[in-house]
Amino acid sequence: MANDSTPATRTVPAQELRALSLHIAHETRHHLAAVCDYAECLGWAGAQQPLARDRCARAILAETQRVGRLLGYFMALAGQRDQSPPMALDLEDVLFGACAELADLLALHGSTLETSRLGLRCSVEWPPGLLKQVAVAALDTMVASTAEGAAIRLRVAPNSADSVALALTTSADAVAARLPRLLSYRAMALLLTERGGQVRRLRGREDGMVLLIPVDGRQVVIESEQAAQRAG
């Protein structure tokens, strides 16, 4: 295993960095345009329609938070890594915290998130910021790739003594975008794979993905270039 004192940044080829820059520029322009649209609606409809005012205000917040997450995914793909020291974490707490962070986005899409509790206290050792970003990015990927009103299911179960399986699925007809093309998916897969994890795509009546999360995520076990190839 590689030493955990990994550098905060890693070199990214110039061509790949340019492609990432174009991608993030496109994504942020889309969401910032949505913020402007909601702000206009808030201006002309807010005074007369309290419910419309509340929806527009929550939508602005959700879209602004989404831009912040996109920038975080871009930074991860560009080589920036969370440098908080590893610590013992309850995976269930991390996942339900991620669900709470995306609650406004789910409400904006009219989507539902069905969760099942682990039924056990699953302790993992990871840098907290890194594991949180993986969990948030996985949920963000499912919301961004599904049609409005979709039912997203989250299930967690032990995969082995060394890893835990996190499944995020929805009905196949609800998937409206290719998951691996999304910045959130790419960042999540890279960060997870570097620590020895894996992402598996699911297709069929249930579409989505399964994340195999190592119980021990304290160390980088695959360097970023190899991890990017495996994650892709």
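Scroll up to find the structure.
Residues numbered from 1 in each chain as written. Predicted model: local features only at pLDDT ≥ 70, side-chain atom pairs only at ≥ 80, totals over all residues. Heavy atoms only, no water.

## Remarks on the overall build of the protein chain
Next up, step 1: The helix and strand tally for the protein chain stands at seven helices and seven strands.
Next up, step 2: Counting helices and strands in the order they occur from the N terminus, the protein chain gives α-α-β-α-α-β-β-α-β-β-α-β-β-α.
Next up, step 3: Taking all 232 residues of the protein chain together, the buried fraction comes to 46%.
Next up, step 4: Sequence-distant contacts, at least 24 apart, represent 79% of the contacts inside the protein chain between residues at least 6 apart.
Next up, step 5: Looking at the protein chain as shown, the accessible area adds up to about 11600 Å², and 55% of this sits on carbon and sulfur atoms. (Helix = DSSP H or I, 4+ residues; strand = E, 2+ residues; numbered from the N terminus. Buried < 20%, exposed > 50% of the residue type's maximum accessible area, 1.4 Å probe, protein only. Contact = heavy atoms within 4.5 Å. Areas by Shrake-Rupley, 256 points an atom, 1.4 Å probe, with all protein chains shown as cover.)

## Section: helix α3 (residues 91-101)
Next up, step 1: Restricting attention to buried positions, one finds in α3 the residues L91, E92, V94, L95, A98 and C99. End-on, the buried residues of α3 take up no more than an arc of 165°, which puts them together on one face.
Next up, step 2: Looking at where α3 begins, the residue whose side-chain oxygen comes 2.9 Å from the main-chain nitrogen of E92 is D90. (Arc of directions from axis to C-beta. Polar contact = N/O pair within 3.5 Å; in protein donor to acceptor, adjacent residues only side chain to side chain.)

## As for helix α6 (residues 183-194)
Note: α-helices contain 3.6 residues per turn, so residues at a spacing of three or four share the same orientation.
Next up, step 1: Between its terminal C-alpha atoms α6 stretches 17 Å, which fits the 16 Å expected from twelve residues at 1.5 Å a residue.
Next up, step 2: Within α6, eleven of the twelve residues are buried, which leaves it mostly tucked inside the rest of the structure.
Next up, step 3: The set of residues buried in α6 consists of L183, S184, Y185, A187, M188, A189, L190, L191, L192, T193 and E194.
Next up, step 4: In the stretch just after α6, G196 is the one whose phi turns positive, near 95°. (Expected span 1.5 Å × (residues − 1).)

## Some points on the nonpolar core
Next up, step 1: In this structure, L91, M188, M209 and L211 are the most contacted members of the largest nonpolar core, which totals 49 residues.
Next up, step 2: Per element, the largest residue contribution to this core is ten residues, and it comes from helix α5 (residues 128-145).
Next up, step 3: Among residues more than four places away in sequence, those in contact with L91 are C122, V124, L131, V156, V164 and I213. (Core = buried A, V, L, I, M, F, W, Y, C linked by side-chain atoms within 4.5 Å.)

## Considerations on the packing of α5 against α6
Next up, step 1: At a minimum axis separation of 8 Å, α5 and α6 run at an interaxial angle of 145°. Our pair here, α5 against α6, has a crossing hand that is left-handed. Residues L130, Q133, V134, A137, A138, D140 and T141 of α5 form the contact with α6, whose own contacting residues are S184, Y185, M188, L191 and L192.
Next up, step 2: Along the lines of polarity and charge, the residues of the contact of α5 with α6 split into eight nonpolar, three polar and one charged. (Axes fitted to C-alpha atoms, helices over the stretch in contact; angles between N-to-C directions. Left-handed = near helix turned anticlockwise from the far one by under 90°. Nonpolar A, V, L, I, M, F, W, Y, C, P; charged D, E, K, R; others polar.)

## Comments concerning the packing of α3 against α5
Next up, step 1: Orientation of α3 relative to α5, taken along the N-to-C sense of each, is 50°, at an axis distance of 9 Å. In terms of axis orientation, α3 runs oblique to α5. The hand of the α3/α5 crossing is right-handed. Across the interface between the two elements, L91, V94, L95, A98, C99 and E101 from α3 touch L131, K132, A135, V136 and L139 from α5. (Parallel < 35°, antiparallel > 145°, perpendicular 65-115°, else oblique.)

## Some thoughts on empty space enclosed by the protein
Next up, step 1: For the structure on display, the rule yields one cavity of 30 Å³ or more.
Next up, step 2: If you trace the largest cavity, you find it lined by L102, L106, L113, L139, M142, V143, I152 and L168.
Next up, step 3: Counting residues per element, the lining of the largest cavity draws most heavily on α5, at three residues.
Next up, step 4: Broken down by class, the residue content of the lining of the largest cavity amounts to eight nonpolar, no polar and no charged. (1 Å grid on protein atoms, 1.4 Å probe; cavity = no way out; pocket = protein on both sides within 12 Å on 5 of 7 lines; lining within 4 Å. Points joined across faces, edges and corners; volume = space filled by probe spheres on them.)

## With respect to the sheet that holds strand β6 (residues 198-202)
Next up, step 1: In space, the five strands of this open sheet follow the order β2-β4-β5-β7-β6, with mixed pairing throughout. Pairing within the sheet leaves two strands with one partner each, and these edge strands are β2 (112-115) and β6. Ignoring strand direction, the axes of neighbouring strands in this sheet form an average angle of 15°.
Next up, step 2: Bridge analysis of β2 against strand β4 (residues 151-158) gives four bridges, and the strand direction is parallel. In the strand pairing of β4, T115 is matched with L154.
Next up, step 3: Strands β6 and β7 (206-214) of the sheet are contacted by α6, whose axis makes an angle of about 30° with β7. (Pairing = 2+ DSSP bridges.)

## Quick look at the pairing of β4
Next up, step 1: Looking at chain direction, β4 and strand β5 (residues 163-171) are connected through six bridges and run antiparallel. Looking across to β5, one finds that A157 is bridged to A165.
Next up, step 2: Where β4 folds back on β5, the antiparallel hairpin that results is connected by four residues.

## Structural notes on the environment of M75
Next up, step 1: You can see M75 is positioned in helix α2 (residues 50-78).
Next up, step 2: A relative accessible area of 40% places M75 in the partly exposed class.
Next up, step 3: In this structure the C-alpha to C-alpha distance between M75 and A187, which are 112 residues apart in sequence, comes to 8.9 Å.

Remember, this is a structural readout, not a statement about activity or role.
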